[in-house]
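Coordinate inspection notes
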Amino acid sequence: MSSELKFLAYDLGASSGRSVVGLLNDGKLRLEEVNRFHNGPVGVGDSLYWDVLRLFDEMKQGLRLAVQNYGKDIAGVGMDTWGVDFGLLGPNDVLMGNPHNYRDSRTDGMIEVAEAIVPRAEMYAQTGIQFMQFNTIFQLLALSKTDPWMLETARSMLLMPDLFNFWFTGAKVNEFSNATTTQMFNPQTCDWARPLLGKLGIPTHILCDIVQPGTVIGNLLPSLADETGAGRIPFVAPATHDTGSAVAAVPATGQNHIYISSGTWSLMGIESDKPIVNEKALELNFTNEGGVCNTFRFLKNIVGLWIIQECRRVWALEGKDYSFGQMADMAANARPYRSIIDTDDALFLKPGNMPARIAEYCIATNQPVPENDGEIIRTALDGLALKYRSVRDGLEDLTGRTFDTIHIIGGGTQNRLLCQLTADVTGLQVIAGPVEATAIGNILMQAIGLGHVGSLSDAREIVRNSFEVVTYDPRPDSRIDAAYEKLTSLIG
C-alpha cells in the first residue's frame, strides 16, 4: 500500500456512538475520531426505545465532518452496532414505529411462551444461539401477541445497522453476523430458520437476503451525497455486529486463545470454522454467532461493565460524580472476594438502582452486604472475573482444548484492575488491547471487501503493527478457589 487510504467507520454501542476515520498506509492503521454522540434507551410510558432519527442525523454529521477534514476521496464506509434490535418497514418503506430497546420489558416471559410451542432443544438445534429474552425472535413473538397488525403490515425487518445502511444507500439486506444474533438463523443451512419461525407464527416474508461481511452493499444516495458534500462512496458491510468487528481485530496468532470483547457486555469465546451445536452447548447456554471470513464466534454473552455503569449513573444522581478511574481505584482498595454475585442474574439485567440490587442479592444469598461504594464496585468486578473463569471452563469442556491466553479487546481494557483480576482468577495470561478494536475491525473488513487487504491474517498483522497492548500475568491468591466454588454454587 503505497498511498494512504481513508475509511469511515460508524461504531454505535448501547451507550454512545461515534464516527471514526481510519487512515491506512504502508501496513499501518491509525484512527482519528470525527464526532461522538450519546446513545441510550428513551423511556416513554412503560416502554424503552432507541432514538434512531437522531442517531442517523449524528452519522450524517460525522460524514459531513469527515469530508471537510479529510477530503472526498474516502474509500469506503462501514457500519456496526449492537445486535438483536430492529426496525420494521411498512408499505413505501416507511419506518413503523420507534425501534424498541432490547432491555424493554415486553419480552418478559417470552422464552417460556416459545418453549410451550417448540421445545428448547429443537430451537437450539435449529439456531445454535443461547437463550436470552431480548433475542429478536422473542421480541417478534411478543409483538405478535401485543400488536399483530404490525407484523401483518410490515414488508421488511432490518436490524439496526441494516436500517441505517438502508437510509444511507437504499439497499435492503441483512448482514450475516448481526442476522445470527436474532436466534432466527440456522448456521447449518446458512439461511433463516424458516421452519422454526413458521411454528412460532412469525412471518418470514419480512426477512431480507443475507450478505457476508466484506460485501459492498451500495453507494451513498445522491441526495445524501449533496447534503454532506461527499461523493457516491461505497458502503461496505463489515461484521455489522459490533462484537464481530471487534473480534476481527484481535491481534492474535494461532488458535490457542480466548477473546473477551469487553464493554457494557462481555462477549467471551473462541473462533471456530463451524458452529458447535450439541446438548452440552445447550446446557451451558453457549451461542454460535457469525464471524468474518467464514468463521463462527462460539461464545457466551456475559453482563459486563453494565453493572458498573449503572452504579455510576445512580451515584451521579446522588451527587457523587465518580470517574471510571476513581471507581477502579476505590475497588482496588476494597476487600476482595468478600461477597460473590452472579453478574448474569436477572436482577441485574434492567436499568435501575444497581447498588441497592447488589445489596439485595447479597442478603438473599446470606452474604455480607458491601459497606461502601468501593466494596460495591469490587463485588461487581470480582463477580465478573469469576464468571470469566466459569466460561473458560465451559469452553475447555466443550472443545476438549486448553488455552493459554485471553485477549481482552474494547473499552474494558482500560479497567486495569479487571484485566489483572481476569488473569488471576483464570490463571491465564491476559493481553489487553486494542481499546478501539470494534472500529479497527470495521475498517479492516472494509479494506478486505474492497481488495486493499488480502486476508484476515493480513488484517491482524496490521493490528499488531499499529497498536500497543498490555500484558497481565496471573498472580497466585489462595482466596480465589473458594470464591469460585461460591459462584458455582450460586449458579447452580
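Right above here is the structure, for reference.
Throughout what follows, the structure given in this document is the object of discussion.

About the cut-offs
- Residues numbered from 1 in each chain as written.
- Predicted model: local features only at pLDDT ≥ 70, side-chain atom pairs only at ≥ 80, totals over all residues.
- Heavy atoms only, no water.
- Helix = DSSP H or I, 4+ residues; strand = E, 2+ residues; numbered from the N terminus.
- Rg over C-alpha atoms; globule rule 2.2 N^0.38 Å.
- Buried < 20%, exposed > 50% of the residue type's maximum accessible area, 1.4 Å probe, protein only.
- Axes fitted to C-alpha atoms, helices over the stretch in contact; angles between N-to-C directions.
- Parallel < 35°, antiparallel > 145°, perpendicular 65-115°, else oblique.
- Left-handed = near helix turned anticlockwise from the far one by under 90°.
- Contact = heavy atoms within 4.5 Å.
- Nonpolar A, V, L, I, M, F, W, Y, C, P; charged D, E, K, R; others polar.
- Pairing = 2+ DSSP bridges.
- Phe/Tyr/Trp six-rings, centres within 6.5 Å; stacked < 30°, edge-to-face > 60°.
- Core = buried A, V, L, I, M, F, W, Y, C linked by side-chain atoms within 4.5 Å.
- Expected span 1.5 Å × (residues − 1).
- Polar contact = N/O pair within 3.5 Å; in protein donor to acceptor, adjacent residues only side chain to side chain.

The secondary structure content of the chain amounts to 19 helices and 21 strands. Its C-alpha radius of gyration of 22 Å places the chain within 12% of the 23 Å reference for a compact globule of 492 residues. Projecting the C-alpha coordinates of the chain onto the three principal axes gives extents of approximately 60 × 55 × 50 Å. Buried positions account for 61% of the 492 residues belonging to the chain.

A few words now on the packing of helix α12 (residues 306-317) against helix α15 (residues 373-399). Look at α12 against α15: their axes get within 10 Å of each other, and the N-to-C directions meet at 160°. One finds that α12 runs roughly antiparallel with respect to α15. Relative to α15, the crossing made by α12 is right-handed. For the pair formed by α12 and α15, the contact residues are Ile307, Ile308, Cys311 and Trp315 on the first element and Asp373, Ile376, Ile377, Ala380 and Leu381 on the second. Each residue belonging to the contact of α12 with α15 can be placed in one class, and the counts come to 8 nonpolar, no polar and 1 charged.

With that settled, consider the sheet that holds strand β16 (residues 265-272). Taken in spatial order, the 7 strands of this open sheet run β17-β18-β16-β15-β19-β20-β21, and their pairing is mixed. Strands with a single pairing partner mark the edges of an open sheet, and in this sheet they are β17 (287-290) and β21 (470-472). Here the average twist between neighbouring strands, direction ignored, is 30°. As paired elements, strand β15 (residues 257-262) and β16 share 4 bridges and run antiparallel to each other. In the sheet register, Ile260 faces β16, and the bridge partner there is Met268. In the packing of helix α16 (residues 416-426) onto the sheet, the strands contacted are β15, β19 (405-409), β20 (429-432) and β21, and the crossing angle to β21 comes to about 40°.

With that settled, consider the packing of aromatic side chains. The description of an aromatic ring pair rests on the distance of the ring centres and on the angle between the ring planes. Here the structure, examined in full by the defined rule, presents 16 aromatic pairs. Residues Phe134 and Trp265 carry aromatic rings whose centres are separated by 5.5 Å and whose planes lie at 70° to one another, so their mutual orientation is edge-to-face. Here Trp265 lies in strand β16 and Phe134 lies in the loop between α3 (120-127) and α4 (136-146), a separation of 131 residues in the sequence. The burial state of Phe134 is the same as that of Trp265; both residues are buried. Ring geometry for Trp315 and Tyr322: centres 5.5 Å apart, planes at 80°, overall edge-to-face. Taken individually, Trp315 and Tyr322 each receive the classification buried, so the pair is uniform in this respect.

Glancing now at the sheet that holds strand β1 (residues 5-12). Strands sit in the order β3-β2-β1-β6-β14-β13 across an open sheet of 6 strands; the sheet is mixed. A strand with exactly one partner marks an edge of an open sheet, and here the two such strands are β3 (28-38) and β13 (215-219). Pairwise comparison of adjacent strand axes, ignoring direction, gives a mean angle of 25° for this sheet. In this sheet, strand β14 (residues 234-237) lies alongside β13 in antiparallel orientation, the contact comprising 4 bridges. Looking at the pairing, Gly218 lines up with Phe235 of β14. Of the strands in this sheet, β1, β2 (16-25), β3, β6 (76-80) and β14 are in contact with helix α17 (residues 437-449), which crosses β1 at around 135°. On the sheet, helix α18 (residues 456-466) packs against β2 and β3 and is oriented at approximately 85° with respect to β3.

This part covers the environment of Thr81. Positionally, Thr81 belongs in the loop between β6 and β7 (86-89). Sequence separation between Thr81 and Met59 is 22 residues, and the spatial gap between their C-alpha atoms is 12 Å. Each residue touching Thr81, except ones within four places of it in the same chain, is listed here: Leu12, Met160, Pro161, Phe164, Asn178, Thr240, His241 and Asp242.

With an omega of 5°, the peptide bond between Gly433 and Pro434 qualifies as cis. Structurally, the position occupied by Pro434 is in the loop between β20 and α17. Its identity as a non-glycine residue notwithstanding, Cys293 has a phi of 55°, on the positive side.

For the rest of this paragraph, the subject is the nonpolar core. Counting 162 residues, the largest nonpolar core has Tyr10, Leu88, Met157, Phe164, Phe168, Ile307 and Leu381 as the members making the most contacts within it. Examining the composition of this core, we find that 11 residues originate from one element, α15, more than from any other. Once residues within four sequence positions are removed from consideration, Tyr10 is found in contact with Arg18, Ser19, Met59, Lys60, Leu63, Val77, Gly78, Met79, Asp80, Phe168, Phe235 and Asn442.

Okay, the side chain of Arg378 next. Note on placement: Arg378 falls in helix α15. Contact partners of Arg378, with chain neighbours within four places excluded, come to Ala331, Ala332, Ala334, Arg335, Pro336, Leu417 and Leu421.

A few words on the packing of α15 against helix α19 (residues 480-491). Running from N to C, α15 and α19 cross one another at 75°; their axes reach a closest spacing of 10 Å. It follows that α15 is roughly perpendicular to α19 by the angle criterion. Along the contact surface, α15 presents Leu386, Lys387, Arg389, Ser390 and Asp393, while α19 presents Ile480, Asp481, Ala483, Tyr484, Leu487 and Ile491. A class-by-class count of the residues in the contact of α15 with α19 yields 6 nonpolar, 1 polar and 4 charged.

Right, let's talk about the pairing of β15 for a bit. Remember that side chains alternate between the two faces of the sheet whenever the strand is regular. In terms of residue burial, β15 counts as a mostly covered element, since 6 of its 6 residues are buried. Here β15 shows no split at all, with His257, Tyr259 and Ser261 on one side and Ile258, Ile260 and Ser262 on the other all buried.

On to α17. Taking 1.5 Å of rise per residue, 13 residues should cover 18 Å, and α17 covers 18 Å from first to last C-alpha, within 8% of that figure. Among the 13 residues that make up α17, 12 are buried, leaving the element largely enclosed by the rest of the structure. Among the residues of α17, those classed as buried are Ala437, Thr438, Ala439, Ile440, Gly441, Asn442, Ile443, Leu444, Met445, Gln446, Ala447 and Ile448. Remark: Gly451 follows α17 within two positions and exhibits a positive phi of approximately 85°.

Here we take up helix α14 (residues 354-364). Listed in full, the buried residues belonging to α14 are Met354, Pro355, Arg357, Ile358, Ala359, Tyr361 and Cys362. Contact partners of the buried residues in α14: α12, α15 and α19. The opening residue of α14, the one whose side-chain oxygen lies 3.1 Å from the backbone nitrogen of Ala356, is Asn353. One or two steps after α14, the chain reaches Asn366, where phi turns positive at roughly 60°.

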